[in-house]
Structures are given as structure tokens and as C-alpha cells.
Amino acid sequence: MIRYRLLGLLTDAFVFALGFFSLISPFILPQAMSLSSQTAAFPIMVSLIIMLCLLIMVFEAQSSLLDSKMIAFLAVLTAINAGLRFLENAIPGPGGFSPTFFLIILAGYFFGSRIGFLIGAMTLFVSGLITGGIGPWLPGQMITAGWVGQSAVLVSLLVKQLEWKDKPGEIILLAVFGALWGLFYGLIMNLWFWPFLGVGIGQTFTQTATALENFQRYLVYYLTTSLIWDTTRTIGNVLMITFMAKPVLKIFGRFQQRFSFFTQEDRVQP
Amino acid sequence: MNAIVWILWLTATMTFTLTTRNPLYIMIVLGGLFGLGNRLAKERNMTPWVLPNLRFLLTMILLSTLINGLFSHVGNTALFSIPQSWPLIGGDITLESLIYGVINGLVIGTLYILFNTINLALSTKQITRLIPHAFHPIAVVITIALTFFPSIQQRAREIKEAQMIRGNPMKKISDWIPIMIPLLVSSLENAILLAESMTARGFHKQTELQSPRALVSLILAAFMIFSGWILQMYRFPSLFFISLYILGTSLVTITLLTIGKQANVTRYHQETWTKTSMFSAALIGIYIAGFAFLALIGRLSTLGFSPYPRLHLPAIQTLGLIFSLIPLLPILVLHHD
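The shown structure was predicted, so the numbers you read here are calculated from the model rather than taken from an experiment.

**Looking at the overall build of chain B**
Looking only at helices and strands, one finds 12 helices and two strands in chain B. In chain B, the succession of α and β elements from N to C terminus is α-α-α-β-β-α-α-α-α-α-α-α-α-α. Residues counted as buried form 48% of the 337 residues belonging to chain B. In chain B, of all internal contacts separated by at least 6 residues, the share reaching a separation of at least 24 is 70%. Of the roughly 17,200 Å² that chain B leaves accessible, carbon and sulfur atoms contribute 68%.

**What to know about the overall build of chain A**
Scanning chain A from N- to C-terminus turns up 11 helices and zero strands. Its helices and strands taken in sequence order, chain A reads α-α-α-α-α-α-α-α-α-α-α from the N to the C terminus. Here chain A holds 270 residues, and the buried ones make up 60% of them. Looking at chain A alone, contacts between residues at least 24 apart form 76% of all its contacts between residues at least 6 apart. Accessible surface, chain A: about 11,000 Å² in total, of which carbon and sulfur atoms supply 69%.

**Some thoughts on unusual backbone geometry**
Both trends apply: most residues other than glycine have a negative phi, and most peptide bonds are in trans. Here Y308(B) and P309(B) are connected by a cis peptide whose omega angle stands at -5°. Examined against the element boundaries, P309(B) turns out to sit in the loop between α10 (275–296) and α11 (318–323). Despite not being glycine, D166(A) has its phi angle at roughly 60°, a positive value. Structurally, D166(A) can be placed in the loop between α7 (138–162) and α8 (168–198).

**What to know about helix α12 (residues 328–336) of chain B**
In an α-helix there are 3.6 residues to a turn, and that puts residues three or four apart on one side. Residue and element names in this part refer to chain B. Inspection of α12 places L329, P330, V333 and L334 among the buried residues, and these make up the whole buried set. Projection of α12 onto a plane perpendicular to its axis shows the buried side chains occupying an angular sector of 130°, all on one side. Along α12, the residues that are exposed and aim more than 90 degrees away from the buried face are L332, H335 and H336. Those residues of α12 that are buried lie in contact with α1 (3–20), α2 (23–43) and α10.

**Some remarks on the pattern of salt bridges**
Two side chains of opposite charge can pair, provided their charged atoms sit close to one another. Tallied over the entire structure, the rule returns seven salt bridges over all chains. With a shortest N-O distance of 2.7 Å, R258(A) and E189(B) are connected by a salt bridge. With R258(A) in helix α10 (residues 227–258) and E189(B) in helix α7 (residues 177–200), the pair connects residues from two separate chains. Of the residues examined, R258(A) reaches a relative accessible area of 37% and is grouped as partly exposed. Given a relative accessible area of 26%, E189(B) falls into the partly exposed group. Between E43(B) and R39(B) there is a salt bridge whose closest N-O contact spans 3.5 Å. Of the two residues, E43(B) and R39(B) are both situated in helix α2; the distance of four residues between them amounts to about one turn of the helix. Taken together, the shared-partner salt bridges connect R254(A), R258(A) and E189(B) into one network.

**Details of the interface of chain A and chain B**
On the side of chain B, 85 residues touch chain A, which itself brings 92 residues to the contact. The junction of chain A with chain B conceals about 8,000 Å² of combined surface from both sides, 81% of it contributed by carbon and sulfur atoms. Remark: the boundary between chain A and chain B carries two salt bridges. Linking chain A with chain B are five residue pairs in polar contact (both at pLDDT 80 or more). Tallying contributions element by element places helix α4 (residues 68–90) of chain A first for the side of chain A that touches chain B, with 17 residues. Residues that form the side of chain A that touches chain B fall into these classes: 64 nonpolar, 21 polar and seven charged.

**Some details on the environment of T272(B)**
Here T272(B) lies in the loop between α9 (238–260) and α10. A C-alpha to C-alpha distance of 7.1 Å links T272(B) and N2(B), two positions 270 residues apart in sequence.

**A closer look at the packing of aromatic side chains**
Taken as a whole and assessed by the stated rule, the structure comprises 27 aromatic pairs over all chains. An angle of 75° between the planes, with centres 5.4 Å apart, marks the rings of F21(A) and F226(B) as edge-to-face. Note that F21(A) is positioned in helix α1 (residues 2–28) and F226(B) in helix α8 (residues 212–233), a pairing that runs across two chains. Taking 6.2 Å as the distance between ring centres and 5° as the angle between the ring planes, the aromatic pair formed by Y287(B) and F291(B) counts as stacked. Here the residue Y287(B) and the residue F291(B) both occupy positions in helix α10, the gap between them amounting to four residues, near one helical turn. Given a relative accessible area of 11%, Y287(B) falls into the buried group.

**Things to note about the nonpolar core**
F102(A) and W229(B) are the most contacted members of the largest nonpolar core, which has 178 residues in total. The biggest single contributor to this core is helix α3 (residues 41–61) of chain A, with 14 residues. Both domains that furnish three or more residues to this core are identified here as domain 1 (3–132 + 221–336) and domain 2 (133–200) of chain B. Core analysis: the second largest hydrophobic core is formed by five residues, I67(B), F71(B), I82(B) and I93(B) among them.

**Focus on the confidence of the model for chain A**
All names here are of chain A. Per-residue confidence for chain A gives a mean pLDDT of 81; residues scoring 70 or more make up 80%. Looking across chain A, the model is least confident in helix α2 (residues 35–38), with a mean pLDDT of 50, and most confident in helix α5 (residues 101–111), with 94. Low pLDDT, under 50, characterises residues 199–203; the predicted model gives this stretch 19 contacts beyond four residues in sequence or across chains.

Reading guide: rules and limits
Residues numbered from 1 in each chain as written. Chains lettered and ligands numbered in written order. Predicted model: local features only at pLDDT ≥ 70, side-chain atom pairs only at ≥ 80, totals over all residues. Heavy atoms only, no water. Helix = DSSP H or I, 4+ residues; strand = E, 2+ residues; numbered from the N terminus. Buried < 20%, exposed > 50% of the residue type's maximum accessible area, 1.4 Å probe, protein only. Contact = heavy atoms within 4.5 Å. Areas by Shrake-Rupley, 256 points an atom, 1.4 Å probe, with all protein chains shown as cover. Arc of directions from axis to C-beta. Salt bridge = Lys/Arg side-chain N within 4 Å of Asp/Glu carboxyl O. Buried area = accessible area lost by both parts, 1.4 Å probe. Polar contact = N/O pair within 3.5 Å; in protein donor to acceptor, adjacent residues only side chain to side chain. Nonpolar A, V, L, I, M, F, W, Y, C, P; charged D, E, K, R; others polar. Phe/Tyr/Trp six-rings, centres within 6.5 Å; stacked < 30°, edge-to-face > 60°. Core = buried A, V, L, I, M, F, W, Y, C linked by side-chain atoms within 4.5 Å. Domains from an automatic or database assignment. pLDDT = per-residue confidence, 0-100.

Set out below in C-alpha cells:
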């Protein structure tokens, strides 16, 4: 059991390192900035590596889906969340406001990292299928939304450590976490196409610039093009979590008990 | 056409679009995509398809031209200058950088329209069916989610109407709590019913598809492909990175096939391989093989185009023209069918 958990943790660490390294390669690998060596293949290669990371993560996480209860639960939660994203497409809110993240965060917080990751990734995939949003951007969106749900387990560890369960501090921590991801999501998603737009931008991407200089340039790009957009997502996440977290977590608690039915087979082989 | 043929076609068109950067070839690809997309949209009685896509394309071209023109000051033909003291954008605005921006916009727009076309061509069922058997539990989740989706939407509408009748103004986020909570509760009640039905029908336990060995194989394969990419960036001999690409891809394929064989999958309404599909697959296969051969002998650069350092007309080659006709293949097949 410990071996499996260790393997799971190592897998998570490897996937995060590989995906993150691919995304930040323009900052640290001078060759990734070279116009002649990369041309337009860069975003496709990054997408491919992100897709492989996603494949590994989903393969690892699907071991949580070995019974009908988890399958039904995850499917319904994904359908609700995809419906919220459909609502976002049909009635666009201000900027990057999206009502989907709060459910991903709360599911990850309550049910653990694997379920959180799967809800995040599956929501983006199912809503992509429904809204016709399948494209090279989808693996990046899926893995980032998966990371949102997966990392929510950190809040639950912190809440446990601080003994803030069912206290206002719990909601405040979740809201802060949602706010941070509101910004990080845009920051990570921009990295996927920024080098593509930036290939020809001589002053923004130079081979002679240090990683720090290039990072500063990326920050300038981010502040001028995405910050307002992502701020609305951040505010949206904070509001949604502030208003919805308490009743939704209560429902999760109630249904967690109701989903705990066993078959005879389960009892024989606990 | 069979879904696999569509995926092959998508791969071929995407690879060509990303490789060439010759505006003429990209325009031919775009023309073909607009023709195909329009036809598919008409078949599905969809609202005007060309206009929104054209609007997106033009917006992308405009944005990309502006960004590239303002930030990149490479090129010999200076149109006007911005004072050097202006941060980031100070310098010459060159014709070459503007044209480069136009080409970038064209490529991004083409990719977007290509995926929009594939979204029209493939049904949700076909896409779900493409999920490898190794991800069987995930495929089941997606299928159930897609099945539940319309009823959840319907229920959300009903709850919303009921709330509005009771005087809920639906203006603030807090006004959405009386919709969200009943929706969540009723949907999870349905999930319990579904789980019980699945258990009663012997669907309680899924086949255990995960094995540490398979997981390690996938990690190893990802690392090989990633290493190949790094070696390619640093211009190592092609033998090194191509071997790593082939090894990595083979390892992923073999692992997924081996694991997938363990899944108990019911097959019904299977897609058929018609003669036209087989012919198209063979044709696209030859196309991809030809492309790979050109890449191996280093001839792909002849299909490319760069406006730097001084703007010149792009070269036109018969080979490039033939390659850029790929979007026409489905049109011919659809016409034939």
C-alpha cells in the first residue's frame, strides 16, 4: 500500500516537473527561444508533452474509479460542472469569470487529490465536447484545471493542521486558494501560446537575455494583456466560494455517507 | 468518413500548416477548410458558420500584426519609428515584422478553424469512442456525464423558473444558491440510483487497469519523448532524437494496447470501414509518409517562408501546392458519398 502511495506521489511530482518544465522552457533553455530551431512547432510539442502528462495523471488517478459509486458520483459532478461552463459560454460573465472552478476546488478539498484532479480534467473535456471546444489548447486546460482540484488537498491539510474545520477560517482559506488559482490559471495557460506569439517578438524573447529578464518580460506581457481578465476570474472564485462553499461542503458530507454502501463482495474482501 | 480517418486528416493538415508558413499555401488550406466547414455546417442545419470564423481569423491577424509590429523591430524596410525612450515598443516599425505578424495570425486562425471543422465532422459519440480502452473507467464517466447533461440542464431551468416565480431576482451570486443546492442534491440522488442500478446489474467492480509497471512504462515513454525534444532543440544529430521519439511513441502505444486488452468492453454500433474510408486513410497515410520522408532528408525548409530580413515574394512549388490541397480530400469524399 505504501509502495503504491509512494509511486503515486512520485508520478505526481514527475508529471508536474515535466509539464511545468515544458511550459517554462523559453525562460531557461535558450534554444527554445530560437526562431530558426523552433518555428511554430513549439506549441505543438508543448501540447504533446502536456498531453502525455495528462495521460499519465489520468491513468494513475483512474484507480480511484474502481467501483460504480465513484463512477456515478464523478460523472454527475462532471455533468453539473460542465453545465456551469456551458452557462458561462451562453451568458458570458465579465472577463475571465468562470463558475466552474469553485466546484473543482471544493471537490478536491473534500474528496482528495485524485478526485479533484479527475473532476477538473473531466469537466474541461466534457464541456469541450459539448461546446465544440476540442483543440490543441484542451490538454493544457485539462491538466491545469486538474492541478486546481489536485492541489486543493493542500488546503484540507492546512485546515486540519490549524483545526479550522467548520470555522470561518476554513472558508477564508478556500477563498484565498480560489483567488490564487484565478490568477495562476491564466498565468499557466498563457505560457502555452506566449512563445508562439513571441517567436517573432525580438525584444520580448531574446536568446541573450537571462531567465530572470525573460520572466520580467513575460510578467509585463501578462500584466498588460491578461491581468484584468484574470482578476475577474479571481473575484468570481472568491465570491462563489464565499457564498457556496458552506452549503456545498455540507451536501458533500451528507452524500459521502450515503455513497458508502457495500456489496457482499466488498465485505468479504475489505 | 471513419473517425480514425478524420484524426489522420487532422494530423496531416495541422502538421502542414505549422510547417509551411508560406502565406499562399496557408490561404489554400484556409479556403479548403472554409469550404468543408460550410458544407458540414449546412448538413447539420447550423447557423452561419463562415462569418464567425472569418471574424475570428481577421481578429487574430489584426492582433498578431499589431503585437509583432509593435514589439519586433527586425527587418530592413522601416515604415516609421517610435521613440527609443518608449519602453518595449520603441524602435522602427518594419514591413517585414508586420507581414510576419500577418502570417502568425493566419496560422493561429487556420488551426482554430481546423479544430472547429473537426468538431463539426465528428459526433460526440465518435470522439468518446476514440478514448483508448486502457482508460475504460474514464470513458464510462464521460459517457454517463454526457447522458446526464441534458437532464441536468433541464432540471436547472425548472428550478430557476420556480425560483423566479417565488420572486428570486437572480441578480447576485447569492441568489444562485437556491438553484445550485437543489440541483446538486437532486443530481447526486440520481447518481446514487445509478450506482445502485449499476451494482445490481453486476457492474460494481471495474477491471483493475492500473498496474505499477504500466505506469512506469508511461513515465519512461514521456521522458523519452521529452528528451528527444530537448535534443532536437539543441540540434543533436537527427538519429538521436528520432530514435527517442520512435521509442517513446512505441512504448506508449504498446502499454496502452496491453492494458486496454484487459478491459471488458461491450462493442455495439461499431463504426464501419467503408471502401472510401480505407482509400482516404491510404491516401493520407501516403501524404504523412511523404512528409516524414521530406523531413528526414531535410527538404521541408523549401516549403517554408520568412519575410526577414527584406520582404520578398514567397516561392511556389508544385510539391507545396499538392500538400496544401489536403483539406479538399474530405470534400471530395463527402461529394462521392
